[in-house]
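Summary of the model geometry
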There are 2 protein chains.
Amino acid sequence: MEYPAGEFGLIQRFRDRAKLGSGVRVGIGDDCAVLAATHGCETLVTTDMLMDGRHFRLDEAGPVAVGYKSLAVSLSDIAAMAGKPTAAFVAVALPRADAETLALGLLEGMTALANQFEVTLAGGDTNAWDGPLVICVTVLGTTVPPGPVMRTGARPGDRIFVTGPLGGSLLGRHLRPIPRVTEALALHEAVSLRAMIDVSDGLASDLTHILEESGNLGATLDANAIPIHDDAARISGHDGRSSLDHALNDGEDFELCFVVSHADADRLIEPRDGFSYLRHIGRIDAEPGIRLALGDGRTDLIQPRGFDHLRSHGS
Amino acid sequence: MEYPAGEFGLIQRFRDRAKLGSGVRVGIGDDCAVLAATHGCETLVTTDMLMDGRHFRLDEAGPVAVGYKSLAVSLSDIAAMAGKPTAAFVAVALPRADAETLALGLLEGMTALANQFEVTLAGGDTNAWDGPLVICVTVLGTTVPPGPVMRTGARPGDRIFVTGPLGGSLLGRHLRPIPRVTEALALHEAVSLRAMIDVSDGLASDLTHILEESGNLGATLDANAIPIHDDAARISGHDGRSSLDHALNDGEDFELCFVVSHADADRLIEPRDGFSYLRHIGRIDAEPGIRLALGDGRTDLIQPRGFDHLRSHGS
C-alpha cells in the first residue's frame, strides 16, 4: 500500500500496523482512544519521557533501539505492579529534518515488543521541531487478582529477591531491557508478593523506596548473593569501582526487586518451581538503613546514591 | 512545610498537592497509578505533547500559562468524546538551569484547572536536560452513557454546530482555552450527539475529519452563521486575510464542533434550553467537500488546509 507523505500518511501507517487488542475498542484516529470496561479489575497507568542525549544517543543507538527502549521501560513499570499491559500511547517530538524516517524506525522498535506482550498501540501525538528527539510513552494495564503489588507491604523478616544480574547496563544493555512482565505474573500467581519495584535507578536506591514506603524499614543484603552482570565486571575494569558497587548502584537494569515472606521464599528457592533465575539477596530488618554482609562477619552500611533526575548529568 | 531540594522534594510537593479523586486509588509515588474499576464504563485516553517554541513561547507566556494550556488541550479531547475526565499524568523535560521553579509554575497552572474539573494529578515523570521545555500530558476519563461520541456518526441532512466564536487564537487565546467538558456533558444528556470533535487544527480541517470518518460525506456551511471571534477581526486587520478565513482555518480555538439530527437541532435552537451559546453553522451533505453559502446565492468550495504537524513551521 502507498501512503501519502507527511503526518497523515504516517498516522495511517501507525493505524494499519496497530492491531486492536481485546481491551481496546477504539485506537488511533479519534479524539481519544476507548478502552473496554475492566469488569472489576483496576487500571494501571505509567508514563515515561525519554530524551536524546539523556536516556539514549540517537546517533549511536538508532531509532529502532530507541523505540524499543521507550516502550520497554513503561512495560517494566506495569511488571513492577504485577499487572498485565494492554495499551500504549506514544507522543513524539521529532527532529524536523528526518521526521518520517525516524518515526517509522521508532514504530518498528515498538511494534515487535508490543506484539510480544499483546499491547495495542492505541494512540499518540506526532510533532516535529528543531530540537532533539523526545518520546513519551504512556502504558495502561489491568491489575491481576489479588491486586497490584505496591512498594508498601514489606515486613521485618521478609526475604528480598531479584530476577537477574545487575550492573553495567551503560555498556548497551540499558537499550534492550526485557520487561519482566511474564516473570511478575508467574510470581504473582505462585506466592504472595508483598512489595515490588523495577530496578531503574539502581538496586540500593530502588530498594530504599520499598523500605521507606513500607514504614522506614531496613535491610541486610548478602554481598556474595547479589548477582553481578558480566557488564559490571567489564565496566569495573575501566573505572576502578568494584563490580559489586556497579551492581548496587547502576541504574536501568530493569530487573525486578521483590519481597516475600520467609515461607514463600523457601518455596521459590526449591528447584522444582521453575524460578531458578531468581536470586535471594537478603532480608528485611526493622532497623532502618541497608547493611551489606560481606561474608567474613563484617558488615558495611550502604549509602544509596539516590538518582536525582533534576540534578544528575548522567545518561 | 519545608521540602528538600531536587527531584524528590518536587515529587513530594506534587504528591501533597494532588488530592486523590474518587476514581484514583493510588496516585503519585509507586511504579504506576492505580485507577478504580469503572463499573461498566469505558476508559478514554488522550495524550498531547507541547514543545517550547512550537505550542507556546515559555519566555512570553510563563510557566503558569504553559501548565494551564498543557492540561486544557487534553481535557478538550475528553470533552470531544463527551466523557468525564478523571486523572492526568504529566511528563516533563525541564531546562536544567531553572528546573524546580519552572516545575512549580507548571504545577500551579495545572492545579487550578484540575481542581475545577475534579481531575487528579495521578502520576508523571520529571526530567531535566539542556534542551527546551517539553511537556506531555495524558488524561484518562470515563465514558458517559449512552457511550463516547466518535467522529463517525454524521449523516446527510444532519446539522452542524459550534460551541463558540472562532479564529485569531494566536493573539493569546490559544494559551487559555476553556475545555468544553461541562458543555459536552450537558449536550450529551440533552440530545443524541452523532459526531463531535474539538477545533484544534481549524474548523474546516477538523470538520473534514468528521466528514471523512463518517463515510466520505460533505457539508454546506452558512458563511453568515459562522461565529467570528473579535481576535479574528483584529488579526485580519494586520494580515489582510478575511476574518472569516481566520474563523475557518485558524487552529487552537478548542471549541467543539458537533453534528445532530435535524430534529435535535430544532430542540437546541429553542431559546429555553440554556444552549444560547451554540451556533448552528450548517448541514451535512451526501456530496463530498465543504461548500460555503455566501448568502447572496453564491457558493464557494472550501479547501481545508490540513495542518501537517510534521511539515508546518507554525506555532
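Presented here is an overview of the structure given in this document. (Residues numbered from 1 in each chain as written. Chains lettered and ligands numbered in written order. Predicted model: local features only at pLDDT ≥ 70, side-chain atom pairs only at ≥ 80, totals over all residues. Heavy atoms only, no water.)

**Thoughts on the pairing of strand 10 (residues 256–260) of chain B**
Residues and elements named next belong to chain B.
- The buried count for strand 10 comes to 5 of 5 residues, which makes it a mostly enclosed element.
- A two-sided burial pattern is seen for strand 10, the buried positions comprising L256, F258 and V260 on one face and C257 and V259 on the other.
- Across 4 bridges, strand 7 (residues 159–162) lies against strand 10 in antiparallel orientation. Across the sheet, residue R159 finds its bridge partner in strand 10, namely V260. (Buried < 20%, exposed > 50% of the residue type's maximum accessible area, 1.4 Å probe, protein only. Helix = DSSP H or I, 4+ residues; strand = E, 2+ residues; numbered from the N terminus. Pairing = 2+ DSSP bridges.)

**Looking at the interface of chain A and chain B**
- With 73 residues of chain A at the interface, the matching set in chain B holds 73 residues.
- Where chain A packs against chain B, one counts 6 salt bridges.
- Among the ionic pairs, D31(B) bridges to R151(A), the shortest N-O distance being 3.0 Å.
- Inspection of the region where chain A meets chain B yields 21 residue pairs in polar contact (both at pLDDT 80 or more). (Contact = heavy atoms within 4.5 Å. Salt bridge = Lys/Arg side-chain N within 4 Å of Asp/Glu carboxyl O. Polar contact = N/O pair within 3.5 Å; in protein donor to acceptor, adjacent residues only side chain to side chain.)

**Topic: the pattern of salt bridges**
- Scanning the model with the defined rule gives 36 salt bridges over all chains in all.
- One salt bridge connects R151(B) with D30(A), and the closest N-O pair in it is separated by 3.5 Å. Pair noted here: R151(B) is in the loop between strand 6 (134–142) and strand 7 and D30(A) is in the loop between strand 1 (24–26) and strand 2 (33–35), and the two residues belong to different chains. Like R151(B), the residue D30(A) is buried in the burial classification.
- A salt bridge links E255(B) to R180(B); its shortest N-O distance comes to 3.0 Å. Of this pair, E255(B) sits in the loop between helix 7 (243–249) and strand 10 while R180(B) sits in the loop between strand 7 and helix 4 (181–190), and the two are 75 residues apart along the sequence.

**Digging into the packing of aromatic side chains**
- The tally for this structure, following the rule as stated, stands at 4 aromatic pairs over all chains.
- Ring centres of F161(A) and F258(A) lie 5.3 Å apart, and the angle between their planes is 5°; on these two criteria the pair is classed as stacked. Separated by 97 residues along the polypeptide, F161(A) in strand 7 (residues 159–162) and F258(A) in strand 10 (residues 256–260) bring together distant segments of the chain.
- For the ring pair F275(B) and Y277(B), a centre distance of 6.3 Å and an interplane angle of 65° mean the geometry is edge-to-face.
- By relative accessible area, which is 9% here, F275(B) ends up buried. (Phe/Tyr/Trp six-rings, centres within 6.5 Å; stacked < 30°, edge-to-face > 60°.)

**A look at the packing of helix 2 (residues 58–79) of chain B against helix 3 (residues 99–116) of chain B**
Residues and elements named next belong to chain B.
- It is the contact of helix 2 with helix 3, at a shortest axis distance of 8 Å, that shows an interaxial angle of 40°. What the angle tells us is that helix 2 and helix 3 run oblique. Helix 3 is crossed by helix 2, and the crossing has right-handed handedness. Here L58, P63, V64, V66, G67, Y68, L71, A72 and L75 of helix 2 come into contact with helix 3, specifically with L102, G105, L106, E108, G109, M110, L113 and A114.
- For the contact of helix 2 with helix 3, a count of residues per class yields 13 nonpolar, 3 polar and 1 charged. (Axes fitted to C-alpha atoms, helices over the stretch in contact; angles between N-to-C directions. Parallel < 35°, antiparallel > 145°, perpendicular 65-115°, else oblique. Left-handed = near helix turned anticlockwise from the far one by under 90°. Nonpolar A, V, L, I, M, F, W, Y, C, P; charged D, E, K, R; others polar.)

**So, helix 3 (residues 99–116) of chain A**
Residues and elements named next belong to chain A.
- Between its first and last C-alpha, helix 3 extends 26 Å over 18 residues, near the 26 Å set by a 1.5 Å rise per residue.
- Regarding helix 3, the residues found buried are A99, L102, A103, G105, L106, L107, G109, M110, T111, L113 and A114.
- At the exit of helix 3 stands E118, carrying a positive phi of roughly 55°. (Expected span 1.5 Å × (residues − 1).)

**Focus: the sheet that holds strand 11 (residues 279–285) of chain A**
Residues and elements named next belong to chain A.
- Read across the open sheet, the 7 strands follow the order 8-10-7-11-9-12-13; overall the sheet is mixed. The open sheet has two edge strands, strand 8 (195–198) and strand 13 (299–302), and neither has a second partner. Each neighbouring strand pair of the sheet contributes to a mean axis angle of 25°, computed without reference to strand direction.
- Bridge analysis of strand 9 (residues 218–222) against strand 11 gives 4 bridges, and the strand direction is antiparallel. Note that in strand 11 the partner of T220 across the bridge is R283.
- Strand contacts of helix 5 (residues 203–213): strand 7, strand 8, strand 9, strand 10, strand 11, strand 12 (289–293) and strand 13, with the helix running at about 150° to strand 8, the strand carrying the most contacts.

**Topic: unusual backbone geometry**
- In this model, P145(A) is joined to P146(A) through a cis peptide bond whose omega is 10°.
- Relative to the helices and strands, P146(A) is located in the loop between strand 6 (134–142) and strand 7.
- A positive phi angle is found at A82(A), which is not glycine, with a value near 60°.
- Structurally, A82(A) can be placed in the loop between helix 2 (58–79) and strand 4 (84–95).
- Taking relative accessible area as the criterion, A82(A) reaches 0% and is therefore assigned buried.
- Here E118(B), not a glycine, exhibits a phi torsion of approximately 55°, which is positive.

**Considerations on the environment of G109(B)**
- Residue position: G109(B) is located in helix 3.
- Among residues more than four places away in sequence, those in contact with G109(B) are V64(B), G67(B) and Y68(B).

**Quick word on the relation of the copies chain A and chain B**
- For these two chains of identical sequence, chain A goes onto chain B by a turn of 180° and a shift of 0.0 Å along the axis, with RMSD 0.0 Å. Both chain copies can therefore be described as sitting about a two-fold axis.
- Looking at the interface residues of chain A, 100% of them are also at the interface in chain B, so both copies use one shared face. (Least-squares fit on C-alpha atoms with pLDDT ≥ 70 in both.)

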